[in-house]
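Single-letter residue listing:
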Amino acid sequence: MLDTVLDRAVVPGYSRIGYLLRRRGWTGPRADPPRGALTGRTALVTGAGGGLGEAVATGLVRLGATVHLLVRSADKGRAAQDRILAAVPGLSRDRLPVQICDIGELARVRSFATRFATEVGALDLLVHNAGLLPDRRAETTEGNETTLAVHVLGPLLLTRLLADRLADGAQRSGTDSRVIVMSSGGMYAQPLRADDLQFEQGSYGGTAAYARTKRMQVVMTGLLADELAPRKVTVHALHPGWAATPGVTGSLPLFGKLLGPLLRTPAQGADTAVWLAATPSSEIGTGRFWHDRATRPEHYLSRTRESAADRERFAREVDRLTG
């Protein structure tokens, strides 16, 4: 009952308050994963140069994984690598390789995936965290609206290009490999706009574009879950609540100022992603939407519900855009 009230009330549930209250009830399947739960596993985390991505990577290496930090800037990647090494005593640098790729540029995603697949024999975990919230509409060099490219097209393409390595990881470990998509509670305000993926119609707003593409990520999660299930690869989406990250405080300074004391730490925002990475597959299934270690509805408003035809149209269009 308390969990449901927190979820519907939004501010208490998405803030640090909700995390601290819910955490007291995390027992059984929702308990913290045991130390070493990911020993021998290999992970790739996008947007790992700071904020939630760095926090996810830190949580995964604490559980024993080797974590590749995917960033756009080598300097930013090395700085994150140094911070994680300082935070986790005894951690060796070779368990935190830095990888460079702009996830919004699809040609670069293809090039990176080809190289990475030859370097890594098997992949157990792929976390899509890279994100942005622009103040005005912009396009990539390939002509895609930037939030669509970074939040949807790049992750979809990278997942499919690394599907063989993920399947190899499942075969090696004897359990499922996992794809985890860091969405946002902001998606609750927006429907799936399968008719305008590039946000070319009406008045563009960065917050609306962000929320639209976060809605698309949840739909994408369901599509990939069905597609990859035969290969023992499960797919999960979550929202982290409101966390004090550079992305939030930089893109939404007023929001950060007003809610500063209530914002979660990056580690609290990353908690469910780390838990999903290590919890037995029998407990979490596939294709679900999560927050604070519990499944959540994908819609609260009837106006945001998409039809099967909308999902099919979305699937066709992203398939076309990613080739």
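The rules behind each value
Residues numbered from 1 in each chain as written. Predicted model: local features only at pLDDT ≥ 70, side-chain atom pairs only at ≥ 80, totals over all residues. Heavy atoms only, no water. Axes fitted to C-alpha atoms, helices over the stretch in contact; angles between N-to-C directions. Helix = DSSP H or I, 4+ residues; strand = E, 2+ residues; numbered from the N terminus. Parallel < 35°, antiparallel > 145°, perpendicular 65-115°, else oblique. Contact = heavy atoms within 4.5 Å. Nonpolar A, V, L, I, M, F, W, Y, C, P; charged D, E, K, R; others polar. Pairing = 2+ DSSP bridges. Buried < 20%, exposed > 50% of the residue type's maximum accessible area, 1.4 Å probe, protein only. Polar contact = N/O pair within 3.5 Å; in protein donor to acceptor, adjacent residues only side chain to side chain. Phe/Tyr/Trp six-rings, centres within 6.5 Å; stacked < 30°, edge-to-face > 60°. Lys NZ or Arg CZ within 6 Å of the ring centre and 35° of its normal. Salt bridge = Lys/Arg side-chain N within 4 Å of Asp/Glu carboxyl O. Right-handed = clockwise from strand over helix to strand, strands pointing away.

J.: Explain the packing of helix 9 (residues 206-228) against helix 14 (residues 308-322) to me, please; I cannot follow it from the model alone.
T.: The angle between the axes and the distance between the axes are what describe a pair of packed helices. For the pair helix 9 and helix 14, interaxial distance at closest approach is 11 Å and the crossing angle is 90 degrees. In terms of orientation, helix 9 lies roughly perpendicular with respect to helix 14. Here Met216, Val219, Met220 and Leu223 of helix 9 lie close against helix 14, whose contacting residues are Arg311, Phe314 and Ala315. In terms of residue class, the contact of helix 9 with helix 14 is made up of six nonpolar, no polar and one charged.

J.: What should I look at first to understand the sheet that holds strand 2 (residues 66-71) in this one?
T.: Two strands in a sheet stick together by hydrogen bonds in their backbones, pointing the same way (parallel) or opposite ways (antiparallel). The sheet built from eight strands is open, its strands ordered 3-2-1-4-5-6-7-8 with mixed pairing. With one partner strand each, in any of the chains shown, strand 3 (98-100) and strand 8 (294-295) form the two edges of the open sheet. Note: strand 7 (residues 289-291) against strand 8, two bridges, orientation antiparallel. The partner of His291 across the bridge, within strand 8, is Ala294.

J.: What is the right way to look at the side chain of Arg264 in this model?
T.: Here Arg264 is to be found in the loop between helix 11 (253-259) and helix 12 (266-278). On the accessibility criterion, Arg264 (0% relative accessible area) is buried. From its side chain, Arg264 meets the backbone oxygen of Ser15 in a polar contact 3.0 Å long.

J.: Can you help me understand the packing of aromatic side chains in this one?
T.: The geometry of an aromatic ring pair is captured by the separation of the ring centres together with the interplanar angle, meaning the angle of the planes. Taken as a whole, this structure holds seven aromatic pairs when the rule is applied. With a centroid separation of 5.5 Å and an interplanar angle of 80 degrees, the aromatic rings of Tyr19 and Trp26 are classed as edge-to-face. Of the two residues, Tyr19 and Trp26, neither departs from the other in class, the shared state being buried. With a centroid separation of 4.8 Å and 55 degrees between ring planes, the pair formed by Phe199 and Tyr204 is classed as tilted. A relative accessible area of 19% means that Tyr204 is categorised as buried. Site record: aromatic cluster; members linked through ring pairs are Tyr188, Phe289 and Tyr300. Lying over the aromatic face of Phe199, Arg212 brings its terminal NZ or CZ to 3.7 Å of the ring centre.

J.: I'm lost on the pattern of salt bridges in this one. Help?
T.: Charged atoms that come close allow side chains of opposite charge to pair. A complete count under the given rule lists 24 salt bridges for this structure. With a shortest N-O distance of 2.7 Å, Asp32 and Arg23 are connected by a salt bridge. Residue class for Asp32 comes out partly exposed when judged on its relative accessible area of 44%. A salt bridge links Asp196 to Arg212, with the shortest nitrogen-to-oxygen separation between them at 3.5 Å. Of this pair, Asp196 sits in the loop between strand 5 (177-182) and helix 9 while Arg212 sits in helix 9, placing them 16 residues apart in sequence. In this pair, the class of Asp196 matches that of Arg212, namely buried. Counted as one network, the salt bridges with shared partners bring together Asp3, Arg22, Arg264, Asp292 and Arg296.

J.: What is the right way to read the pairing of strand 2 from this model?
T.: Counting buried positions along strand 2 yields five of six residues, so the element is predominantly enclosed. Here five bridges tie strand 1 (residues 42-46) to strand 2, and the two strands are oriented parallel to one another. Its bridge partner lying in strand 2, Thr42 is registered against Thr66. Viewed along the sheet, the connection from strand 1 through helix 4 (residues 51-62) into strand 2 turns out right-handed. Of the pairings in the sheet, the one linking strand 2 to strand 3 comprises three bridges and is parallel in character. Residue Leu70 lies in a different strand from strand 3, and its bridge partner there is Gln99.

J.: Explain unusual backbone geometry here, please?
T.: What you tend to see is this: most non-glycine residues have negative phi, and most peptide bonds are trans. At Asp292, a position not held by glycine, the phi torsion is positive, near 50 degrees. Positionally, Asp292 belongs in the loop between strand 7 and strand 8. Phi is positive for Arg293, which is not a glycine, with a value near 60 degrees. Among the secondary structure elements, Arg293 is positioned in the loop between strand 7 and strand 8.

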